[in-house]
Amino acid sequence: METMKKGRVLVIREQDFGRRHSINYGMAIIATILNERFDVKAIDNNSMYTSYSANDFIHVVSAFRPDVICFSIATINAYTSYQTIEILKAKFPNLPIVAGGLHVSHKFEEALERKIDYVVRGEADLVITPLLEIIVNNKEDNPKEHINLSGVSFYRDNELISGGICPLPMDLDECSHIDYHLFNLSDYLKTRKDVNIFGGFITQRGCPFNCFFCSDIFIRTKIRYRSIGNILREIELLYSTYGIDQICINDADFNISDDRVIGLCDEIRNRGLHEK
């Protein structure tokens, strides 16, 4: 039986500096998780064909009437995100804004000072739905009185409530599916080669190393793997649905296990995907 959805959520990733034609993988996972409970609209403002201005976002909010807006914020798009949030808050002052991503995970106090209501720190897979359920279910009250979730930081009155870092999802097969139809695909697909923007994905999360040039507490976490069967099902789905002919594995340490890499490549060949 299909769960009755309650509330609308708008998920936004603002433009990067040096915009690259893409749909962010992590943002798309969170949008897909939220779509199990809410009506979701997702916009990654990094298409080479369509660029949403602040006024465009105002029109989107006015038409879609979300109960919550979620922003995906990395350092490379923090400035543009904060600009858009300031404009949206001026127009819709009572509309809650939630932000996640690597930049605000580190700089959560900065984010809260920039008119963001809630910051989710770390991998949000297990936390984002219960947080938004509290916000939506208590929108006539004060949702902040009901929030006691690990990984969520916010101000309650003038007191900073820091929930630390989100618990890690351990079963990546359960939180790696993406529904790209939550996006307006005409913003991204104009030519045959554009379908390959769907070909980027990850097969594992975490990193065991402590390299001085990139070590980060939100990346240097326990290694967790997707099963090879789950990875292959994603590749086959992307090929059958969108016709991709290129994949890009964006793991921090894809070759950390020789046996796993060889097993995945063998299975790609066994299924004939190397000839697609």
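Positions within a chain are numbered from 1, following the residues in the order the chain's sequence is written. Predicted model: local features are reported for residues with pLDDT of at least 70 only, side-chain atom pairs are reported and counted for 80 or more only, and whole-chain, interface and lining totals are derived from all residues. To get the side-chain values, all heavy atoms of the structure are used, and hydrogens and water are removed first.

**Q** Please set out the overall build of the protein residue by residue, giving values where relevant.
**A** Labels follow the DSSP assignment, with helices taken as runs of H or I lasting at least four residues and strands as runs of E lasting at least two, numbered in each case from the N terminus. Secondary structure summary: the protein contains eight helices and 11 strands in total. Here the radius of gyration uses the C-alpha set of atoms, whereas the globule reference equals 2.2 Å times the residue count to the power 0.38. Relative to the 2.2 N^0.38 estimate, which gives 19 Å for 276 residues, the radius of gyration of the protein is 19 Å and therefore close to what a compact globule would have. When the backbone C-alpha atoms are referred to their principal axes, the protein occupies close to 60 × 45 × 40 Å. Per-residue accessibility, obtained with a 1.4 Å probe over protein chains only, is compared with the maximum for each type, and a residue is labelled buried under 20%, exposed over 50%, and partly exposed between these values. Evaluated residue by residue, the protein yields a buried proportion of 51% over its 276 residues. Any two residues whose heavy atoms approach within 4.5 Å are treated as being in contact. Pairs at least 24 apart in sequence give 72% of the contacts found in the protein among residues at least 6 apart. In these tables, accessible area is a Shrake-Rupley quantity obtained with a 1.4 Å probe, and a residue counts as shielded only by the protein chains included in the view. Summed over all atoms, the accessible surface of the protein reaches about 13,900 Å², with 50% contributed by carbon and sulfur. With 31 positive and 38 negative side-chain charges, the protein shows a spacing of 3 Å between the two charge centroids. When charges are counted, Lys and Arg are positive and Asp and Glu negative, with His and the chain ends excluded. One atom stands in for each charge, and that atom is NZ of Lys, CZ of Arg, CG of Asp or CD of Glu.

**Q** Explain a nonpolar patch on the surface to me, and be specific about the residues and the numbers.
**A** Judged by side-chain polarity, Phe17, Ile76 and Tyr79 come together as a nonpolar surface patch covering roughly 340 Å² of accessible area. Mapping Tyr79 onto the fold places it in helix H3 (residues 78-91). Any residue with relative accessible area above 30% and no salt bridge may belong to a patch, with like charges joined within 9 Å and the nonpolar Val, Leu, Ile, Met, Phe, Trp and Tyr side chains within 5 Å. What counts as a salt bridge is simple: a side-chain nitrogen of Lys or Arg found within 4 Å of a carboxyl oxygen of Asp or Glu.

**Q** I'd like a rundown of the nonpolar core, residues and numbers included.
**A** One finds Leu34, Val98, Ile128, Leu132, Tyr180 and Phe183 to be the most contacted residues of the largest nonpolar core, which totals 54 residues. Sort the elements by how many residues they give to this core and helix H1 (residues 25-34) lands first, with eight residues. Contact partners of Phe183, with chain neighbours within four places excluded, come to Ile23, Met27, Ala28, Ala42, Ile43, Asp44 and Tyr188. The nonpolar core is taken to be a set of buried Ala, Val, Leu, Ile, Met, Phe, Trp, Tyr and Cys residues, with the residues joined through side-chain atoms within 4.5 Å.

**Q** If you had to explain the packing of helix H7 (residues 228-242) against helix H8 (residues 258-270) to someone new, which residues and values would you point to?
**A** Packed helices, taken two at a time, are described by their axes: the angle between them and the distance between them. In contact at an axis separation of 10 Å, H7 and H8 are set at 40° when each is read in the N-to-C sense. By the criterion of interaxial angle, the relationship of H7 to H8 is oblique. Taken as a pair, H7 and H8 cross one another with a handedness that is right-handed. Residues Ile228, Ile231, Leu232 and Ile235 of H7 pack against Arg260, Gly263, Leu264, Glu267 and Ile268 of H8. Split into classes, the residues belonging to the contact of H7 with H8 amount to six nonpolar, one polar and two charged. The axes are straight lines fitted to the C-alpha atoms, using for helices just the contacting stretch, and the angles between their N-to-C directions are given from 0 to 180°. Should an angle lie under 35 degrees it is considered roughly parallel, over 145 roughly antiparallel, and from 65 to 115 roughly perpendicular; all remaining angles are considered oblique. Here is the rule for handedness: rotate from the far helix to the near one, and if that takes an anticlockwise turn smaller than a right angle the crossing is left-handed, while a clockwise turn gives right-handed. Amino acids outside the nonpolar list (Ala, Val, Leu, Ile, Met, Phe, Trp, Tyr, Cys, Pro) and the charged list (Asp, Glu, Lys, Arg) are all regarded as polar, and Gly is one of them.

**Q** Describe the side chain of Glu133, and please don't skip the residues or the numbers.
**A** Along the polypeptide, Glu133 turns up in helix H6 (residues 128-137). Here a polar contact is taken to be a pair of N or O atoms separated by no more than 3.5 Å, where protein atoms must pair a possible hydrogen donor with a possible acceptor and residues adjacent in sequence count only if both atoms sit in side chains. Within polar-contact distance, the side chain of Glu133 engages the side chain of Arg37 at 2.3 Å. When sequence neighbours within four positions are dropped, the list of residues in contact with Glu133 reads Lys6, Arg37 and Phe38.

**Q** Lay out H7 in plain terms, naming residues and giving numbers.
**A** Taking 1.5 Å as the rise per residue, H7 with 15 residues should run 21 Å; its terminal C-alpha atoms sit 21 Å apart, in good agreement. Next to the buried residues of H7 lie H1, strand E8 (200-201) and H8. Just downstream of H7 lies Gly243, where phi reads positive at about 80°. Here the expected span of a helix is defined as 1.5 Å times the quantity of residues minus one.

**Q** Give me the side chain of Arg121: which residues, what numbers.
**A** Along the chain, the position of Arg121 falls in the loop between strand E5 (118-120) and H6. Leave out the neighbours within four places in its chain, and Arg121 touches Val104, Ser105, Phe108, Gly151, Ser153, Ser162, Gly164, Ile165, Cys166 and Phe218.

**Q** Quick one: what's the story with the environment of Asp141, residue by residue and with numbers?
**A** The residue Asp141 is located in the loop between H6 and strand E6 (152-156) in this model. The sequence separation of Asp141 and Ser105 amounts to 36 residues, and the corresponding C-alpha distance is 27 Å. A polar atom in the side chain of Asp141 sits 3.1 Å from the side chain of His146.

**Q** Quick rundown of the sheet that holds strand E2 (residues 39-44)? Include the residues and the values.
**A** DSSP bridges decide pairing: two strands pair if at least two such bridges lie between them. The seven strands are arranged E2-E1-E3-E4-E5-E6-E7 in an open sheet whose pairing can be described as mixed. Each edge of the open sheet carries a strand with a single partner, namely E2 and strand E7 (159-162). Here the average twist between neighbouring strands, direction ignored, is 20°. As judged from the four bridges shared by strand E3 (residues 68-72) and strand E4 (residues 97-100), these two strands associate in the parallel manner.

**Q** Summarise the pairing of E2; cite the residues concerned and give the values.
**A** A regular strand places its side chains on the two faces of the sheet in alternate fashion. Of the pairings in the sheet, the one linking strand E1 (residues 8-13) to E2 comprises six bridges and is parallel in character. Counted as the bridge partner of Val11 is Ala42 from E2. Crossover handedness is defined here as right-handed if the route from the first strand over the helix to the second strand goes clockwise, with the strands pointing away from the viewer. Crossover handedness for the path E1 to H1 to E2: right-handed.

**Q** Please provide a residue-by-residue account of a negative patch on the surface, values included.
**A** A cluster of like negative charges, contributed by Asp141, Glu145, Asp157 and Glu159, occupies part of the molecular surface. In this fold, Glu159 is placed in strand E7.

**Q** Describe the pattern of salt bridges, naming the residues involved and giving the relevant values.
**A** For the coordinates displayed, the defined rule picks out 11 salt bridges. One salt bridge connects Arg37 with Glu133, and the closest N-O pair in it is separated by 2.3 Å. Of the two residues, Arg37 is situated in the loop between H1 and E2 and Glu133 in helix H6; the sequence distance between them amounts to 96 residues. On the basis of relative accessibility, which here comes to 17%, the residue Glu133 falls in the buried class. In this structure, the salt-bridge partner of Asp67 is Lys139, at a minimum N-O distance of 2.7 Å. Taken together, the residues span a long stretch of sequence, with Asp67 in the loop between helix H2 (54-64) and E3 and Lys139 in the loop between H6 and E6 at a distance of 72 residues. For Asp67, a relative accessible area of 17% corresponds to the buried category. Residue classification places Lys139 among the partly exposed residues on the basis of a relative accessible area of 49%. One network of salt bridges, with partners in common, ties together Glu123, Asp125, Arg205 and Arg224.

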